[in-house]
Amino acid sequence: MPTDGSTAGEPSPDEAVSAAADAAEDVVFSRLDRGDIDDLDVTVTFEDGVLDVDVYVNAPESRQDEDRVADDAAMAARAAVDELFE
């Protein structure tokens with residue numbers, strides 16, 4: 001039996017967190033130029049089967065809606081973890 005919090009055939013909590021963070025960052029960087037981003041914070045936890053994702057983006061020079069980008073990034077993070085468990 002795995003010792004990393006996963007069960008046979010399921011991803012570990014670390015794998016879930018990594019997949020979620022990567023997906024969130026991919027969305028942010030696909031929509032915003034890195035030079036326009038003053039601050040980016042992606043916080044992901046996965047404990048007891050519960051995923052918590054918080055994305056904060058501060059890109060005042062961008063034409064994009066920062067809140068929308070952050071929300072879409074968080075949704076992509078959740079979808080990435082859902083895919084791991086399929």
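Anything mentioned here points back to the structure above.
Residues numbered from 1 in each chain as written. Predicted model: local features only at pLDDT ≥ 70, side-chain atom pairs only at ≥ 80, totals over all residues. Heavy atoms only, no water.

Within a regular strand, the side chains alternate between the two sheet faces. Relative to strand β2 (residues 50–58), strand β1 (residues 39–47) runs antiparallel, the two being bridged by nine bridges. Bridged to Glu47 within β2 is Val50. The loop that links β1 with its antiparallel partner β2 comprises two residues; one of these, Asp48, has a positive phi angle of about 55°. (Pairing = 2+ DSSP bridges. Helix = DSSP H or I, 4+ residues; strand = E, 2+ residues; numbered from the N terminus.)

Moving on, we come to the environment of Glu25. Its place among the elements puts Glu25 in helix α1 (residues 13–31). Considered as a pair, Glu25 and Ser12 are 13 residues apart in the sequence and their alpha carbons are 20 Å apart.

To continue, consider the nonpolar core. Counting 21 residues, the largest nonpolar core has Val28, Leu32, Val55 and Val57 as the members making the most contacts within it. Within the residue set of this core, elements represented by two or more residues are α1, β1, β2 and α2 (66–84). Other than its neighbours up to four places away in sequence, Leu32 contacts Ile37, Val57, Ala59, Ser62, Gln64 and Val69. (Core = buried A, V, L, I, M, F, W, Y, C linked by side-chain atoms within 4.5 Å. Buried < 20%, exposed > 50% of the residue type's maximum accessible area, 1.4 Å probe, protein only. Contact = heavy atoms within 4.5 Å.)

What follows concerns unusual backbone geometry. With a phi close to 55°, Asp48 is a non-glycine residue in the positive phi region. As for its position among the elements, Asp48 is in the loop between β1 and β2. Accessibility expressed as a relative area gives 82% for Asp48, which makes it exposed.

All right, on to the packing of aromatic side chains then. If you walk through the whole model with that rule in mind, you get one aromatic pair. For the pair Phe46 and Phe85, a centre-to-centre distance of 5.8 Å together with 40° between the ring planes defines the contact as tilted. Of the two residues, Phe46 sits in strand β1 while Phe85 sits in the segment after α2, which places them 39 residues apart along the sequence. Under the relative-accessibility criterion, Phe46 is labelled buried at 14%. Sitting over the ring of Phe29, Arg34 keeps its end group 3.9 Å from the ring centre. (Phe/Tyr/Trp six-rings, centres within 6.5 Å; stacked < 30°, edge-to-face > 60°. Lys NZ or Arg CZ within 6 Å of the ring centre and 35° of its normal.)

Considering the arrangement of structural elements, one finds Ala21 in helix α1. Distance in space between the C-alpha atoms of Ala21 and Ala77 is 6.3 Å, their sequence separation being 56 residues. Among residues more than four places away in sequence, those in contact with Ala21 are Val42 and Val44.

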